Amino acid sequence: MELKDLTIKSFHEGLLNKEFSALEIAQACFKEIKERDPEINAFLSTAEESAVREAEAADLAVAKNEDVPDLAGAPLAIKDNILIKGLPATAASRILEKYVASYDATVIRKLKKEKTVFLGKTNCDEFAMGSSTENSAFKITRNPHDLTRVPGGSSGGSAAAVAAGFALGALGTDTGGSIREPASFCGVVGLKPTYGAVSRSGAIAMASSLDQIGPIAKTVEDAAIIFKAIAGKDPLDATSSGYFDSHKNELLNPPLEKIKSLTVGLPEEFFIGGTDPAVIGAMEEAVNKLKTLGIRFEKVSLPHVKYALSCYYIIMPAEASSNLARFDGVRYGERRIADGGRNLAELYFRTKGEGFGAEVKRRIILGTFVLSSGYYDAYYEKAQKVRALIKNDFDEAFKSVDVLLAPVAPTPAFKIGERTDDPLSMYLADIFTIPVNLAGLPAISVPVSKRGASGLPVGFQLIGKRWREADILGMGTYYEKI
Ligand code: GLN
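Residues numbered from 1 in each chain as written. Predicted model: local features only at pLDDT ≥ 70, side-chain atom pairs only at ≥ 80, totals over all residues. Heavy atoms only, no water.

Colleague: Give me the pairing of strand 8 (residues 296-300): which residues, what numbers.
Modeller: Judged from the five bridges that link them, strand 7 (residues 263-267) and strand 8 form a sheet pairing that is parallel. The partner of Gly265 across the bridge, within strand 8, is Glu298. For the crossover from strand 7 across helix 9 (residues 277-291) to strand 8, the handedness is right-handed. (Pairing = 2+ DSSP bridges. Helix = DSSP H or I, 4+ residues; strand = E, 2+ residues; numbered from the N terminus. Right-handed = clockwise from strand over helix to strand, strands pointing away.)

Colleague: Describe empty space enclosed by the protein, with residues and values.
Modeller: Enumeration according to the criterion identifies one cavity of 30 Å³ or more in this entry. For the largest cavity, the lining is made up of 16 residues, of which Gly130, Ser131, Tyr312, Tyr313 and Asp430 are closest to its centre. Its residues assigned to classes, the lining of the largest cavity comprises seven nonpolar, seven polar and two charged. (1 Å grid on protein atoms, 1.4 Å probe; cavity = no way out; pocket = protein on both sides within 12 Å on 5 of 7 lines; lining within 4 Å. Points joined across faces, edges and corners; volume = space filled by probe spheres on them. Nonpolar A, V, L, I, M, F, W, Y, C, P; charged D, E, K, R; others polar.)

Colleague: Would you mind going over helix 16 (residues 469-481) in detail, with residue names and values included?
Modeller: Along an α-helix, a turn takes 3.6 residues, which lines up residues three or four apart on a common side. In this model helix 16 runs 18 Å from its N-terminal to its C-terminal C-alpha over 13 residues, within 8% of the 18 Å that 1.5 Å per residue would give. Burial runs high along helix 16: eleven of the 13 residues are buried. Within helix 16, burial applies to Glu469, Ala470, Asp471, Ile472, Leu473, Gly474, Met475, Gly476, Thr477, Tyr478 and Tyr479. (Expected span 1.5 Å × (residues − 1). Buried < 20%, exposed > 50% of the residue type's maximum accessible area, 1.4 Å probe, protein only.)

Colleague: Can you explain the site of the ligand? Please cite residues and give values.
Modeller: The environment of the ligand is made up of 16 residues, and the closest members are Thr175, Gly176, Ser178, Tyr312 and Asp430. For the ligand, an oxygen atom lies 2.6 Å from a polar atom in the side chain of Ser178. A distance of 2.6 Å is found between a nitrogen atom of the ligand and a side-chain nitrogen or oxygen belonging to Asp430. In the complex, the protein chains occlude 100% of the 290 Å² of accessible area that the ligand would expose alone. Here the ligand is seated within the largest cavity. Top contributing element to the shell around the ligand by residue count: helix 10 (residues 308-324), with three residues. Of the residues assigned to the shell around the ligand, the class counts are six nonpolar, seven polar and three charged. (Near = heavy atom within 4 Å. Polar contact = N/O pair within 3.5 Å; in protein donor to acceptor, adjacent residues only side chain to side chain. Areas by Shrake-Rupley, 256 points an atom, 1.4 Å probe, with all protein chains shown as cover. Sits in = over half its atoms within 2 Å of the grid points.)

Colleague: Please set out the layout of surface pockets residue by residue, giving values where relevant.
Modeller: Its volume calculated, the largest pocket comes out at about 690 Å³. Lining the largest pocket are 25 residues, and of these Gly187, Val188, Lys218, Pro447 and Lys450 sit closest to its centre. Breaking the lining of the largest pocket down by element, the ones donating at least two residues are helix 2 (22-40), helix 5 (156-163), strand 10 (443-447) and helix 16. Considering only residue class, the lining of the largest pocket consists of eleven nonpolar, five polar and nine charged. In this structure, the second largest pocket encloses a volume near 560 Å³.

So far we have only geometry, and geometry alone does not tell us how the molecule works.
Shown next as structure tokens:
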């Protein structure tokens, strides 16, 4: 079997049947990365030495007939805002250019228990702020389907690494769409878990009430395998939940009868003018295919989601400005003046001025403004109330349906450079994904078909009830079978 056709599932079977070793596959991945990544730029750093050791450990478990977990030896790519001890973690920012992680994120610790292989750290928008990976301080990642286009963002390097066949799966983070939008643009699967399903410990924080780590993979089943491994309660993240510690088995092998019995809602606010015809066509295709399973559809309304983008661009910068305050050249972040400067203000100005890029500065300023006295009530507090209304809309809709279907993004992958001068047009890329983060719900991006009418991949989004990852993963799995 060729590397590009391997899934995590088929890799695991091949490994157990001794068709290949984990080391052979890891080496094949690095060969591909060396040959083709100079053009795609999915990785910021690779970790061949440690990956070889990890692959050998997985092979040893097979040789000794030990327990071989589903992800043993599986080569994964990890977004550079997630910490792996001993490897760089820059979050694609100059301010962390020389930082080497001193501990493992909880998700990494869990994956290490599974004997996973970590190929390296992937490019992203600086501190995960962006929708195209063009805000990286270091390089621009290209979409493997069309090198003149963006891979989406902010987890663009992770999605590109999977789409290019460099890795069998990846981890990304999703605060407003950063797993789902790049998955849609690159023709792969991306899952944003329920808020609290996965520990955020060891993920460099952007907006803590919205951030979630999740998998990017070639198939829905592979995404479920990774999710199953990383979900669960963690004492290091007080917002993490133990729900999946006792509900993991429902995530794999969903019974068809159960999936058929689910009703899908089509929220009218997500099917609006301005959406690219290629995306509208793709949504019709997805709905028609699911109808062949016997699934019922119903129209629903989420009247307040039209405020989601405005609401997000108050709450997210407010939290981000607070989270990024620690990068001051004293506690965190690379100090820019060797002697500390004339005074503390100069140290801060130089460190932050030279260390942060334009988009990060924009959000720090915006966030500081909406939290400042006099504006706090008018902006931040009001946005929190709107957030509650949006969440209520979803709760209401979920009284009559089990799952919602919507586009992931209003367009397929856009051209590199097309939106860099216009932050607002960039922010619009997340209009359909942001409401889900505000409401804390799980959602998955699944490719509609191998390639859409425009020749570019387009994904559709299945949004589930809180903790009902099993519903959206199950429906996605049967969709892929059709
Ligand atoms: N593109 C959105 C933003 O820039 C979402 C980012 C994310 O999910 N990390 O805020």
